[in-house]
Amino acid sequence: PLYPNELQAHVLIITGEVNMSNIKLIVCDIDDTLIPRGKDDISDNLKMAFKQLKEKNIKLLVATGRHYKFLQPKLFDSLTFDHIVTINGAVLNDRDGKVLSYDTISLSTLNKIVDISKANNFGLGLKFKDNIVTYVNHKKFVDTYLKNQPELLPLVIDNCQSQNYHLEHGLPCGIFIIGEDEIVKQFNGRIDDLIIAKSYPNGYDAFLYNVNKATGIEKYLELNNLSWDDCIAFGDAQNDIFMLEKARISVTFSNSLDDVKQNCTYITDLCANDGVYKALKYFEII
């Protein structure tokens, strides 16, 4: 990867010339990519940058682990996009939230993750296409998951006692686990094809290997007659790796985990220090 000079980090050279003139799409994660965790809007520099991108007819696609209902409202005021990939690629929504396509986990996988969560005292939230619903340890889940967004508490349905929401609403599209890092990571790779990816301390997204941000983005690419060669992608966490390794140019941050950095073309400054803006400037896209 290439590091920005202002970080005074070791610089590696990309083999071959990088031609940015054909970039037609910017794909961005949200939390700690576009918006620092705990904040609710992008920076003024990014607002200016995305205005320039729009003027150059470069599209924006947001790809997030979040449920549509949990997107920051100011995101819609600050950015122009027509589709959004949610729940780690399991759902493709239009801007107004209409579900255009979705994938679900199996009943057997659901039962296994519920049993494991009970046995290990995890907080377990399930992301259905219409709602987020807790099945184990509701309070533990919301205390961590909504730590900086208590106003969203009424949107999380407590179904821990009956655990029957899926019987009427269909199987969930995604999973989020709250649990101690040393315990949760032991289960990665041990539940069918489920990947457990760290999002923040004691918070883990769980999704199917064959349903991830990259597969969700590919549905968008097909709709818009685009390819991965047209994309520059930005992400910070393990659930971003699938899209980062496929995009023509991929960018992560100086504080990202090593396995995320290894799949990227460029390592930029922290999200809180306008890392996306600096990368767009570095590649002369703006």
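My aim in this report is to walk through the structure given alongside it, one point at a time. (Residues numbered from 1 in each chain as written. Predicted model: local features only at pLDDT ≥ 70, side-chain atom pairs only at ≥ 80, totals over all residues. Heavy atoms only, no water.)

### Observations concerning the pairing of strand β12 (residues 231-234)
And then number 1: Residues C231 and A233 line one face of β12 and the alternating positions I232 and F234 line the opposite face, and both faces are buried.
And then number 2: Two strands pair when backbone bridges link them, and strand β1 (residues 25-28) and β12 are joined in this way by four bridges, in the parallel orientation. Residue pairing for β12: C28 is matched across the bridge by F234.
And then number 3: For β12 and strand β13 (residues 249-253), the ladder comprises three bridges, and the chain directions are parallel. Bridging from a neighbouring strand, F234 pairs with V251 of β13. (Buried < 20%, exposed > 50% of the residue type's maximum accessible area, 1.4 Å probe, protein only. Helix = DSSP H or I, 4+ residues; strand = E, 2+ residues; numbered from the N terminus. Pairing = 2+ DSSP bridges.)

### Observations regarding the packing of aromatic side chains
And then number 1: Per the stated rule, a full pass over the model turns up 15 aromatic pairs.
And then number 2: Centroid distance F76 to F81: 5.5 Å. Interplanar angle 50 degrees. Geometry classified as tilted. The residues F76 and F81 share a single accessibility class, namely buried.
And then number 3: The interplanar angle of 90 degrees and the centroid separation of 5.0 Å between the aromatic rings of Y282 and F283 together place this pair among those described as edge-to-face.
And then number 4: Aromatic rings pair up to connect F70, F141, Y145, F176 and Y200 into one cluster.
And then number 5: Of note, R95 hangs over the ring of F81, and the distance from its end group to the ring centre comes to 4.8 Å. (Phe/Tyr/Trp six-rings, centres within 6.5 Å; stacked < 30°, edge-to-face > 60°. Lys NZ or Arg CZ within 6 Å of the ring centre and 35° of its normal.)

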